[in-house]
Amino acid sequence: VNGEMVEATKALGGDVIALPDSSRFGLALHNITGRELMSIAPQVDPKTLYAELIEISHDAVRLRVQPGQTMSLDDVIAEIDAQGSRSGSKSVTINAAKAKVGVLKRNPLIGEAFPFVQELTQKRLICLDCRRLQLPMVRLVAAAAAREIQKHGRACAQATEAGRATAEQAAWLAVLFIDEA
């Protein structure tokens, strides 16, 4: 795909967001898994103790986040310290994990959550143009988007089946294109 979905989305009146664009799009940490965070941290060997520490720490913070709350990379870094101490990890392992996660503070995709459902409800068609992203980032964007849309779609379907859906829930349908080279 070399931009065909971008042109199709524009022709159909949808919205195109060329990534990375931190002014229009961000992935909140609570919308990704620990393994996904570990996969986008630079030069992380998934078979190392520091990789495991990153994954476990992210997931621990994510489990504590209540609906409506957010989590930050600083929360994950603090949890790396706590998990590392509890597990008896060496300081070199803890510091490597913290450094790898700390670099992600400069990643323009990590930020305030993009309101997938709200945007799709309003615009019905959105194309996230990921042609300028590396493959691990494209996968992350696609997974986070799918997770949010599935969660909302499931809630709409359950409300419809139970006979208590609003007209908007009963009519929920959205299209999201992830365009990558």
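Residues numbered from 1 in each chain as written. Predicted model: local features only at pLDDT ≥ 70, side-chain atom pairs only at ≥ 80, totals over all residues. Heavy atoms only, no water.

1. Considering the packing of helix α3 (residues 49–64) against helix α5 (residues 91–103)
Right, so step 1: α5 packs onto α3 with a crossing angle of 60° between their chain directions and a minimal axis gap of 8 Å. The orientation of α3 relative to α5 falls into the category oblique. Both α3 and α5 take part in a crossing whose hand is right-handed. Contacts between α3 and α5 pair L49, Y50, L53 and I54 from the former with T93, I94, A96, A97, K100 and V101 from the latter.
Right, so step 2: Partitioned by chemical class, the residues of the contact of α3 with α5 number 8 nonpolar, 1 polar and 1 charged. (Axes fitted to C-alpha atoms, helices over the stretch in contact; angles between N-to-C directions. Helix = DSSP H or I, 4+ residues; strand = E, 2+ residues; numbered from the N terminus. Parallel < 35°, antiparallel > 145°, perpendicular 65-115°, else oblique. Left-handed = near helix turned anticlockwise from the far one by under 90°. Contact = heavy atoms within 4.5 Å. Nonpolar A, V, L, I, M, F, W, Y, C, P; charged D, E, K, R; others polar.)

2. Some thoughts on the pattern of salt bridges
Right, so step 1: Within the structure shown, the criterion is met by 12 salt bridges.
Right, so step 2: A salt bridge links E119 to K123, with the shortest nitrogen-to-oxygen separation between them at 2.4 Å. In this pair, E119 and K123 are both assigned in helix α6 (residues 116–123), 4 residues apart and thus about one turn of the helix distant.
Right, so step 3: Note that K151 and E148 form a salt bridge whose closest N and O atoms lie 3.6 Å from each other. Of this pair, K151 and E148 both sit in helix α7 (residues 135–161), 3 residues apart, which is roughly one turn of the helix.
Right, so step 4: Here E148 falls in the buried class, since its relative accessible area comes to 18%.
Right, so step 5: Within this structure, D15, R24, E119 and K123 form a network of salt bridges that share partners. (Salt bridge = Lys/Arg side-chain N within 4 Å of Asp/Glu carboxyl O. Buried < 20%, exposed > 50% of the residue type's maximum accessible area, 1.4 Å probe, protein only.)

3. Some points on the packing of helix α4 (residues 73–87) against α5
When two helices pack together, their arrangement is captured by the angle between the axes and the distance separating the axes.
Right, so step 1: Where α4 contacts α5, the two axes come as close as 10 Å, and the packing angle between them is 170°. Considering the angle they form, α4 stands roughly antiparallel to α5. Two secondary-structure elements touch here, α4 through L73, V76, I77, I80, D81, G84 and S85 and α5 through I94, A97, K98, V101 and G102.
Right, so step 2: Its residues placed into classes, the contact of α4 with α5 shows 7 nonpolar, 3 polar and 2 charged.

4. Describing the confidence of the model for the protein chain
Right, so step 1: Averaged over the protein chain, the pLDDT score is 87; the fraction of residues at 70 or greater is 94%.
Right, so step 2: Confidence scores differ between elements of the protein chain, with strand β3 (residues 175–179) showing the lowest mean pLDDT of 62 and α4 the highest of 96. (pLDDT = per-residue confidence, 0-100.)

5. Here we look at the packing of aromatic side chains
Right, so step 1: Applying the stated criterion across every chain, the model contains 3 aromatic pairs.
Right, so step 2: Between F25 and F114, the ring centres sit 5.0 Å apart and the planes meet at 40°, which makes this aromatic pair tilted. Note that F25 is positioned in the loop between β1 (15–18) and α2 (34–40) and F114 in the loop between α5 and α6, a separation of 89 residues in sequence. A single burial state applies to F25 and to F114, both of which are buried.
Right, so step 3: Ring geometry for F114 against F116: centres 5.0 Å apart, planes inclined by 75°, an arrangement best described as edge-to-face.
Right, so step 4: Residue F114 is classed as buried on the basis of its relative accessible area, which comes to 8%.
Right, so step 5: Clustering of aromatic rings is evident, with ring pairs tying together F25, F114 and F116. (Phe/Tyr/Trp six-rings, centres within 6.5 Å; stacked < 30°, edge-to-face > 60°.)

6. Looking at α5
Right, so step 1: Taking 1.5 Å of rise per residue, the 13 residues of α5 would be expected to cover 18 Å, and the 18 Å separating its terminal C-alpha atoms lies within 8% of that figure.
Right, so step 2: Along α5, the positions that sit buried rather than exposed are T93, I94, A97, K100 and V101. Angularly, the buried residues of α5 cover 130° about the axis, an arc narrow enough to put them on a single face. Opposite the buried face of α5, by more than 90 degrees, sit the exposed residues S91 and V92.
Right, so step 3: Residues of α5 that are buried make contact with α3 and α4. (Expected span 1.5 Å × (residues − 1). Arc of directions from axis to C-beta.)

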